[in-house]
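# Observations on the model geometry
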There are 2 protein chains.
Amino acid sequence: MKIGVLTIGAELLNGARIDTNSNWISKTVIDHGGMVEFNISTKDNQSSIIKALDFLLDQSIDMIIMTGGLGPTHDDITAKTLFEYFDDIPILDEKYWNFLVSRFKKKGFKVSALNKTLALKPSNGKIIDNPIGTARGLHFSSNKKEIIALPGVPSEMKSMMREATLPMIKKISQKSIHSSILRTTGITESSLYEKLFSLIKQAPDVELAFLPSLFGVDLRTSSTDNDKFSNFLMQVKILLDEFIYSDKNLELEEVVVNLLNNHNLTVATAESCTGGLIGDRITNTSGASKVFKGGIIAYSNEIKINQLGVKKETIQKFGAVSIETASEMAAGVQKLFSTDIGISSTGIAGPLGGNKDKPVGLVYIAISINGVTTVYKNNFKSNRKNNKRITSQVALNLVRKELLKF
Amino acid sequence: MKIGVLTIGAELLNGARIDTNSNWISKTVIDHGGMVEFNISTKDNQSSIIKALDFLLDQSIDMIIMTGGLGPTHDDITAKTLFEYFDDIPILDEKYWNFLVSRFKKKGFKVSALNKTLALKPSNGKIIDNPIGTARGLHFSSNKKEIIALPGVPSEMKSMMREATLPMIKKISQKSIHSSILRTTGITESSLYEKLFSLIKQAPDVELAFLPSLFGVDLRTSSTDNDKFSNFLMQVKILLDEFIYSDKNLELEEVVVNLLNNHNLTVATAESCTGGLIGDRITNTSGASKVFKGGIIAYSNEIKINQLGVKKETIQKFGAVSIETASEMAAGVQKLFSTDIGISSTGIAGPLGGNKDKPVGLVYIAISINGVTTVYKNNFKSNRKNNKRITSQVALNLVRKELLKF
């Protein structure tokens, strides 16, 4: 079924906020048989909202999902606009009003500050419950089109989509869509396409979308046919093998922490050019404390030598950005922190510090495990922040690949 | 002047990419006298683009800025659509075509892969040069409305906006807008509003927008009247004083690195709950190597004791998340790394590990400088990632505030 999204709020049109709601909705409805055809953002004024509604209702779409403007402040005019637009005379929902009042009193707020709009319910339309907030959603039907209005707060919108709107989309589209995301890293989009080309040609009933980012390419597979879907997915997994780091939509650092936990192994980091980013990512995962002892951010040569035990001569002879320094950093931190694995990064993040022999983007990553240290040379050619990010991804992926051997 | 934005691309409607172009355009045109009224995203098919154009041309707006669909692949149908829409019979720009062919040959690409659409120029409309790519922009005028089409690649779109479209907006709007962003941290939006309330009331000709994020609130001041603008800005700076960390749109870490450089001081980090994030942020700034020696990510107690020299008894008696441990961490790393400043973090990022006495979000941040260590207790009450982020912001702000005393 076809969907139009209408996001409402001045903050979306003056640059104060990026509209992530419409992106989330677009991504999420697909798995339930929906496809967004138009996305419109308007200010929170009545005439703009009406113009956008007129436009969307004029298209061959089955549902309009609106977000924003349902709160208690004077800017929040979505409910009022919809009541007028659909000639609906709303009534006060006494039960909900009493609930709001007692809730306000309990929190010590002034009840006078409470807006009755929050407790209005349409005569013809329906209410959509808000499991985590006070602003409820609205649902009108007009001319075989469903019009859904949800709050703009992302957590509330998402929870209401999951509980009410997505099941409705699934029911209307009458499609049971099977879908799955395989996350890959260490392989380009074009190489993935080459590897999967004949498989894609053989499976016209399965849709495969390539979603590239700095960290790799996510592959979204979907189909209405369960057998074809499962078979396709199995083939992709065989073809891509270790390039896939998750089929459960996990971050690479979560996969690494889980693998370390499973094998009861520990890791420590010795970071130069990444400046702490690898440790930051590992510790974004709950449970990291069981496997991550810590690390040394050895940004200056002095710290590389004094703390990590890199030999002074190594830096003098080969430089801080070299195979030799990377190797001694990884081995050094592994020994010093008594961990099973040591991982290091040293490179030229840019924009300054590069030269002909050692250009910006040159990064050595080393991993020390079971007494063996291996160094990988990379040329990332991006800007400072992205060179750091890509380095952290490659480093974490090296740890993952080593752990797969256990 | 009023502007409509039309972003084109299937990837914007299937969730593969967040539309950051429209956000950038919305934010940027304001300073040149423009205001976005509607933003529409459509798939790259001709009928959808035409429907969106019809809608936007029907509104009381002065300009439509389109992005996307100008490249050489079969999906790129913006140019074709616009030529047909405006009854324009385009002609081949021989000079540009020859330039493209020679460029392709130089790079070793097949000329057959080159699409002539790239070298078409409108008979009635105009070409907008692309300083950094091959896809040029288009400019049509219709019914006193300007229609601008730019590539979807953000860097190309931005450079063409800066060189051609923004000056055009400024000329049409005939407004010279003065604007400035003051970045604040460590103060809530409502406290800011209270502090600025009477000033705002006294200056109706100056517009002040509050742009809140996890890291603080940015204040965007704008006015057409230069004197009133400068006066307002001066008053805000006096009222908010040290809550403002930048009036040049810098990140907090850039401000800290610049201040350290100015005072010729060095810093080291001892991070537990932030796991390396403070170091990561400092090293996002070019020039950090002059002032940041490095740090120790002391995630486990063993590392806090063995590497940072935190006393075993301190952790046994007070716990790893305590004033005492934070203090010994900051002082320890400052001494160990021989820096002027040591900064530490220890806390419960969550979601696990909290209890009644030490809840999730409890974070101690310590700063050691000139032989004095000061510890700050915080209760952040957010999720794991955000507790880490807020901690890094508060820690960097503490360093900044100490440096202001020099």
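Because the structure is a prediction, the values reported are computed rather than measured.

## Notes on the overall build of chain A
On a plain count of helices and strands, chain A comes out with 14 helices and 17 strands. What you see for chain A is a C-alpha radius of gyration of 27 Å, clearly larger than the 22 Å of a compact globule of 406 residues, by over 25%. Along the first, second and third principal axes, the C-alpha atoms of chain A reach 85 × 60 × 40 Å. Long-range pairs, those at least 24 residues apart, make up 65% of the contacts in chain A with a sequence separation of at least 6. Summed over its atoms, the accessible surface of chain A is roughly 18,000 Å², and 50% of this surface lies on carbon and sulfur atoms.

## A few points about the sheet that holds strand β10 (residues 207–213) of chain A
All names here are of chain A. Spatially, β10-β11-β9-β12 is the arrangement adopted by the 4 strands of the open sheet, whose pairing is antiparallel. Each end of this open sheet is capped by a strand with a single partner; those strands are β10 and β12 (244–246). When strand polarity is set aside, the average angle formed by the axes of neighbouring strands in this sheet is 35°. In terms of strand pairing, β10 meets strand β11 (residues 216–223) through 7 bridges, oriented antiparallel. Paired with L211 across the two strands is D218, which belongs to β11.

## Considering the relation of the copies chain B and chain A
Mapping chain B onto chain A calls for a rotation angle of 180° and an axial translation of 0.1 Å; the resulting RMSD is 0.2 Å. The superposition of one copy onto the other is thereby described by a two-fold rotation axis. An overlap of 98% is found between the interface residues of chain B and their copies at the interface of chain A, pointing to a shared contact surface.

## Details of the packing of helix α7 (residues 189–202) of chain A against helix α8 (residues 226–240) of chain A
Residue and element names in this part refer to chain A. Two elements in contact, α7 and α8, have axes whose closest approach is 11 Å; the angle formed by their N-to-C orientations is 145°. For α7 against α8, the interelement crossing comes out right-handed. Taking contact as the criterion, the partners of L192, K195, L196, L199 and I200 in α7 are, on α8, F232, Q235, V236, L239 and L240. Class assignment of the residues belonging to the contact of α7 with α8 gives a composition of 8 nonpolar, 1 polar and 1 charged.

## Overview of the sheet that holds strand β7 (residues 137–142) of chain A
Strands sit in the order β6(A)-β7(A)-β8(A)-β3(A)-β1(A)-β2(A)-β2(B)-β1(B)-β3(B)-β8(B)-β7(B)-β6(B) across an open sheet of 12 strands; the sheet is mixed. Two strands lie at the open edges of the sheet, namely β6 (126–128) of chain A together with β6 (126–128) of chain B, each paired on one side alone. Across the sheet, the axes of successive neighbouring strands diverge by a mean angle of 20°, strand direction being ignored. Two strands pair when backbone bridges link them, and strand β2 (residues 35–42) of chain A and strand β2 (residues 35–42) of chain B are joined in this way by 5 bridges, in the antiparallel orientation. Within β2 of chain B, the position partnered with T42 of chain A by the bridge is F38 of chain B.

## Things to note about the interface of chain B and chain A
Of the residues lining the interface, 62 residues belong to chain B; the matching set on chain A comes to 61 residues. Taken together, the two surfaces of chain B and chain A that pack against each other cover about 5,100 Å², and 54% of this comes from carbon and sulfur. Broken down residue by residue, the surface that chain B buries against chain A is led by L13, I297 and Y299 of chain B, which jointly contribute 11%. Summed over the shared surface of chain B and chain A, the result is 32 residue pairs in polar contact (both at pLDDT 80 or more). The dominant element in the side of chain B that touches chain A, judged by the number of residues it contributes, is β2 of chain B, at 8 residues. Tallied by class, the residues present in the side of chain B that touches chain A amount to 25 nonpolar, 24 polar and 13 charged. Sheet topology note: the strand β14 (residues 292–298) of chain A/strand β14 (residues 292–298) of chain B ladder contains 5 bridges and is antiparallel. Pairing of I296 of chain A across the sheet is with I296 of chain B, part of β14 of chain B.

## Some details on empty space enclosed by the protein
Inspection of every chain in the model, using the stated rule, returns 3 cavities of 30 Å³ or more. Its boundaries defined by the atoms lining it, the largest cavity holds a volume of some 150 Å³. What lines the largest cavity is a set of 17 residues, among which D19 and S22 of chain A together with D19, S22 and N39 of chain B lie closest to the centre. It is helix α2 (residues 20–30) of chain B that contributes the most residues to the lining of the largest cavity, 3 residues altogether. Within the lining of the largest cavity, the residues separate by chemical class into 4 nonpolar, 9 polar and 4 charged.

## Remarks on the domain arrangement of chain A
Residues and elements named next belong to chain A. By the assigned domains, chain A splits into domain 1 (2–172), domain 2 (178–246) and domain 3 (252–403). Centre-to-centre separation of domain 2 and domain 3, based on C-alpha positions: 30 Å. Contacts between the two partners involve 8 residues from domain 2 and, on the opposite side, 10 residues from domain 3. Between domain 2 and domain 3 the total buried area reaches about 820 Å² when both faces are included, carbon and sulfur atoms providing 62% of it. Looking only at domain 2, the three residues that lose the most surface to domain 3 are L214, F215 and Y245, adding up to 67% of its buried area. At the junction of domain 2 with domain 3, the criterion picks out 0 salt bridges. For the interface between domain 2 and domain 3, the tally reads 4 residue pairs in polar contact (both at pLDDT 80 or more). Residue composition of the side of domain 2 that touches domain 3, by class: 5 nonpolar, 2 polar and 1 charged.

## Re the environment of L196 of chain B
Residues and elements named next belong to chain B. Looking at the secondary structure, you find L196 in helix α7 (residues 189–202). Spatially, the C-alpha atoms of L196 and L239 are 7.5 Å apart, while their sequence positions differ by 43 residues. Apart from residues lying up to four places away in sequence, L196 is in contact with L208, F210, L219, V236, L239 and L240.

## Overview of helix α6 (residues 154–173) of chain A
Residue and element names in this part refer to chain A. Given a rise of 1.5 Å per residue, 20 residues ought to cover 28 Å, yet the end C-alpha atoms of α6 are separated by just 24 Å, more than 12% below that figure. At M161, α6 shows its largest bend, some 50°. Along α6, the residues that are buried comprise E156, M157, S159, M160, M161, T165, L166, M168, I169 and S173. Looking at the buried positions of α6, the neighbouring elements they touch are β1 (2–8), α2 (20–30), β3 (63–67), β6, β7 and β8 (145–150).

## Side note on the pairing of β14 of chain B
Residue and element names in this part refer to chain B. Of all 7 residues in β14, 7 are buried, a share of seventy percent or more. Bridge count for strand β13 (residues 267–271) against β14 is 5 bridges, and the pairing is parallel. Bridge pairing in β14 places A268 opposite G294. Handedness of the crossover is the feature at issue here: the chain leaves β13, passes through helix α10 (residues 277–282), returns alongside β14, and the resulting connection is right-handed.

## Re the pattern of salt bridges
Under the defined criterion, the tally for this structure stands at 26 salt bridges over all chains. Here the residues in one salt-bridge network are R183, D218 and E251 of chain A, joined through shared partners.

## Some points on the pairing of strand β15 (residues 341–347) of chain B
Residue and element names in this part refer to chain B. By the criterion of burial, β15 is predominantly enclosed, with 7 of the 7 residues buried. Neither face of β15 is left uncovered, since the one carrying I341, I343, S345 and G347 and the one carrying G342, S344 and T346 both have all their residues buried. Both β15 and strand β16 (residues 362–369) contribute to a ladder of 7 bridges, which runs antiparallel. In the strand pairing of β16, I343 is matched with I367.

## Topic: the packing of aromatic side chains
Inspection of every chain in the model, using the stated rule, returns 17 aromatic pairs over all chains. On the numbers, 5.6 Å between centres and 50° between planes, the contact of F292 of chain A with Y299 of chain B is tilted. Residue F292 of chain A is located in strand β14, and its partner Y299 of chain B is located in the loop between β14 and α11 (301–306); the two belong to separate chains. Feature note: the residues F38 and F55 of chain A together with F38 and F55 of chain B constitute an aromatic cluster, connected by ring pairs. Here the basic side chain of R136 of chain A rests over the ring of Y96 of chain A, its NZ or CZ set 3.7 Å away from the ring centre.

## Let's talk about the environment of S155 of chain B
Position of S155 of chain B relative to the elements: it lies in helix α6 (residues 154–173). Residue classification places S155 of chain B among the partly exposed residues on the basis of a relative accessible area of 44%.

## Overview of the packing of helix α3 (residues 46–58) of chain A against helix α4 (residues 78–85) of chain A
Residue and element names in this part refer to chain A. Interhelical geometry of α3 versus α4 gives an angle of 55° and a closest axis separation of 10 Å. Between α3 and α4, the angle falls in the class oblique. For the element pair α3 and α4, the recorded crossing hand is right-handed. On α4, the residues touching Q46, I49, I50, L53, D54 and L57 of α3 are T78, K80, T81, L82, E84 and Y85. Split by residue class, the contact of α3 with α4 holds 6 nonpolar, 3 polar and 3 charged.

Calculation criteria
Residues numbered from 1 in each chain as written. Chains lettered and ligands numbered in written order. Predicted model: local features only at pLDDT ≥ 70, side-chain atom pairs only at ≥ 80, totals over all residues. Heavy atoms only, no water. Helix = DSSP H or I, 4+ residues; strand = E, 2+ residues; numbered from the N terminus. Rg over C-alpha atoms; globule rule 2.2 N^0.38 Å. Contact = heavy atoms within 4.5 Å. Areas by Shrake-Rupley, 256 points an atom, 1.4 Å probe, with all protein chains shown as cover. Pairing = 2+ DSSP bridges. Axes fitted to C-alpha atoms, helices over the stretch in contact; angles between N-to-C directions. Least-squares fit on C-alpha atoms with pLDDT ≥ 70 in both. Left-handed = near helix turned anticlockwise from the far one by under 90°. Nonpolar A, V, L, I, M, F, W, Y, C, P; charged D, E, K, R; others polar. Buried area = accessible area lost by both parts, 1.4 Å probe. Polar contact = N/O pair within 3.5 Å; in protein donor to acceptor, adjacent residues only side chain to side chain. 1 Å grid on protein atoms, 1.4 Å probe; cavity = no way out; pocket = protein on both sides within 12 Å on 5 of 7 lines; lining within 4 Å. Points joined across faces, edges and corners; volume = space filled by probe spheres on them. Domains from an automatic or database assignment. Salt bridge = Lys/Arg side-chain N within 4 Å of Asp/Glu carboxyl O. Expected span 1.5 Å × (residues − 1). Bend = angle between axes of the 7 residues up to and from the residue. Buried < 20%, exposed > 50% of the residue type's maximum accessible area, 1.4 Å probe, protein only. Right-handed = clockwise from strand over helix to strand, strands pointing away. Phe/Tyr/Trp six-rings, centres within 6.5 Å; stacked < 30°, edge-to-face > 60°. Lys NZ or Arg CZ within 6 Å of the ring centre and 35° of its normal. Parallel < 35°, antiparallel > 145°, perpendicular 65-115°, else oblique.

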